[in-house]
Each structure stands twice: as C-alpha cells, then as structure tokens.
Amino acid sequence: AGKGKGPERKAPALERTKGSEILFGVAPCWLALARARRALFRLFLKEQRGGPGRPLRAELALQAAARGVPVLHVPGRALDTLCRGRPHQGVCLEAAPLPFRSLRDAEEPRPGDGESGGRQLLWLVLEHIQDPMNLGALLRSAYFLGVDRVVATHSNSCPLTPTVSKASAGAMEVFDVYSTDDLQGFLKAKRAEGWEVVGTASRPEDVEGVPVISCSEFRWDKPLIVVIGSEGEGLSLESQLQCQQVLAIPPGRALHPGLDSLNVSVAAGILLHSICSQKRRQGD
C-alpha cells in the first residue's frame, strides 16, 4: 500500500469492467482508439510529475476524449499491475475483447474486384498457430505485405489477445481476422472457385503426395491462398492434401541437426514477400 492519497487514487483505476481486457503499449492502444472496432472503457496514462507529459500521450488523451472514453492518469506501478508487468510504455486501454470474424458473415469479394482494387487476391490461412507472439508477428507481416484477408482455424489457435495486438504493433486493431471451424472444407470450396492453394513445409522431405518447389520458382497467376502450419507440427496431412503445391525456403548453408527450420512468422514473411515481389516484377 502507498502513503497519502495513493490507495484512494489507485483503487478506482483497478476496478475492471466485467469481461474486459487490458491492451498495453502505444501502438495497440492508439489504433484501438482510432478504429474503435470494439467497446472502449477507459484509457490509463502514466502520470508525469512536473510537466504535461509527452505529446504522444496528450494526443492519446485527446483521441480518447473525442470517443467519450474516460482518461485516468495513474502511477506507473498501477499500469504494471493492470497489464501484469508487460511492456506498457506508459499506456493501457481497457476494452472489450476482439473476436475472430466469422467467414459466414464475410462478404465474398470476387477475384479481381472489391477489396483487391483490381489485383489478384492473396489470403493467408493459419492452421493451429498457438503462440501469441507468432500470431502477432504474422498479422503484422500480412498487413505490411498486402495480404487481403487472414483466416485462422477456430480450434487449437491462439485467440486475439492484448499480447497478440502488442506483438502485431497494433495491426490486429485494423486488420479483420476471420476464423473457420472447417479448414479442409474451406480450402476445398476455394479450389472449386478457381483459387490456387499452396502450403508450406520447413522439411520438404516430409511432404508426400504434393509437389514441393522453392518459393522463388512459384508463379502467382490466380487468386491465391497460402496455408501456414502450426509451430511444432507444421501443416496437418489433411490440409497438405488440399494444397496444389508446397513451397519451401531453400537454406543458405548445410544446417546443423536441431537448427533446421525457421520461426513460423519469419518463414511466412519470407514466403509472402517472395510471392508479392515476383508478382510485381511480372506486372512491370
């Protein structure tokens, strides 16, 4: 307990709205306020002694006020408690959780129109990604590289938590993430619509029944779905068999046993960049 007015000031700050969660860090809080895609309850800013605080925090306070979100200036230790010691950068936001969007509710853009602006569509599908840091990094890369839609498996996947938002540098706040409870059925339906479905493999020698090519050899000439498998297991056999081909990233050296694969989010970034950049070259 603190001295003087400390306990009285901190107590109301730590009473949580039922069912809420605490976003932490400048980018997630800024983008959640800017987009207002979820209910927003209170913005907590680290109090600054002897000054008005940083301009960025003043901007956040203005943005919150414009949305009718109360702003509380609290000691740093109160923020540490709110977000359980995670790196909050002096900013926390109490908000309703952000759910996955259902593909059943999604308006289906036709290849070559709508959200793609005349480009071919590129979707990223995530099967059983369980690490929130990986999921956040995947969303950040997908947003940066121009992926049109991200679809995750509903079961055995990490939910869209504040940690995911922080790891995504707030991309989760601006990018809809869809989910499906029938991944194989979804991939089969997209193939029937004329989409190409490609998988990924960290160990190409383990792939059976589907051709494996280097990502640099792949040619993107129709609407495309790239399927990324889980951290430990990779793509399930059932999903692999829905793929027309599997893309591999060739290593730059003979690999030491036990150091023979890439982090899933890094691998996805390399594959997506390889696909997107070769498409731009083809269009030149």
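All figures in this text were calculated on a predicted structure; none of them were measured in a lab. (Residues numbered from 1 in each chain as written. Predicted model: local features only at pLDDT ≥ 70, side-chain atom pairs only at ≥ 80, totals over all residues. Heavy atoms only, no water.)

Right, let's talk about the sheet that holds strand E7 (residues 149-153) for a bit. Within the open sheet, the eight strands sit side by side as E5-E8-E7-E6-E11-E9-E12-E10. Their pairing is parallel. A strand with exactly one partner marks an edge of an open sheet, and here the two such strands are strand E5 (101-102) and strand E10 (212-214). Alignment of strand E6 (residues 122-126) against E7, held across four bridges, turns out to be parallel. By the bridge assignment, Leu126 is partnered in E7 with Ala152. Where helix H5 (residues 132-145) meets the sheet, its contacts fall on E6, E7 and strand E8 (177-180), and the angle it forms with E6 comes to roughly 175°. (Pairing = 2+ DSSP bridges. Helix = DSSP H or I, 4+ residues; strand = E, 2+ residues; numbered from the N terminus. Contact = heavy atoms within 4.5 Å. Axes fitted to C-alpha atoms, helices over the stretch in contact; angles between N-to-C directions.)

Of all hydrophobic cores here, the largest spans 35 residues; its most connected members are Leu124, Leu126, Val150, Val226 and Ile228. The set of elements that each furnish at least two residues to this core consists of E6, H5, E7, strand E11 (224-228) and helix H10 (264-283). Grouped together as the second largest cluster of nonpolar side chains are 19 residues, Leu103, Phe186, Val197 and Ile225 included. (Core = buried A, V, L, I, M, F, W, Y, C linked by side-chain atoms within 4.5 Å. Buried < 20%, exposed > 50% of the residue type's maximum accessible area, 1.4 Å probe, protein only.)

The next point concerns the layout of surface pockets. Taken as a whole, the largest pocket encloses approximately 760 Å³ of empty space. What lines the largest pocket is a set of 34 residues, among which Ala201, Ser202, Arg203, Ser261 and Leu262 lie closest to the centre. Looking at the lining of the largest pocket, the elements with two or more residues in it are strand E12 (245-248) and H10. Examining the composition of the lining of the largest pocket, we find that four residues originate from one element, H10, more than from any other. Its residues assigned to classes, the lining of the largest pocket comprises 17 nonpolar, 11 polar and six charged. (1 Å grid on protein atoms, 1.4 Å probe; cavity = no way out; pocket = protein on both sides within 12 Å on 5 of 7 lines; lining within 4 Å. Points joined across faces, edges and corners; volume = space filled by probe spheres on them. Nonpolar A, V, L, I, M, F, W, Y, C, P; charged D, E, K, R; others polar.)

What you see with E8 is no split at all: Val177 and Ser179 on one side and Tyr178 and Thr180 on the other are buried throughout. Sheet analysis places E5 next to E8, joined by two bridges and oriented parallel. If you follow Ser102 over to E8, its bridge partner there is Ser179. With four bridges connecting them, E7 and E8 associate as parallel partners. Each bridged residue has a counterpart across the sheet, and for Thr153 the counterpart in E8 is Thr180.

What follows covers the pattern of salt bridges. Under the counting rule described, the total for this entry stands at six salt bridges. A salt bridge links Asp176 to Arg37; the nearest nitrogen and oxygen atoms lie 2.6 Å apart. A residue pair is termed long-range when its members are at least 10 positions apart, and Asp176 in the loop between helix H7 (171-174) and E8 and Arg37 in the loop between helix H2 (26-35) and strand E2 (40-46) qualify at 139 residues. Taking relative accessible area as the criterion, Asp176 reaches 25% and is therefore assigned partly exposed. What makes Arg37 partly exposed here is its relative accessible area of 31%. Residues Arg101 and Asp176 are paired through a salt bridge, measuring 2.7 Å at the closest nitrogen-oxygen approach. (Salt bridge = Lys/Arg side-chain N within 4 Å of Asp/Glu carboxyl O.)

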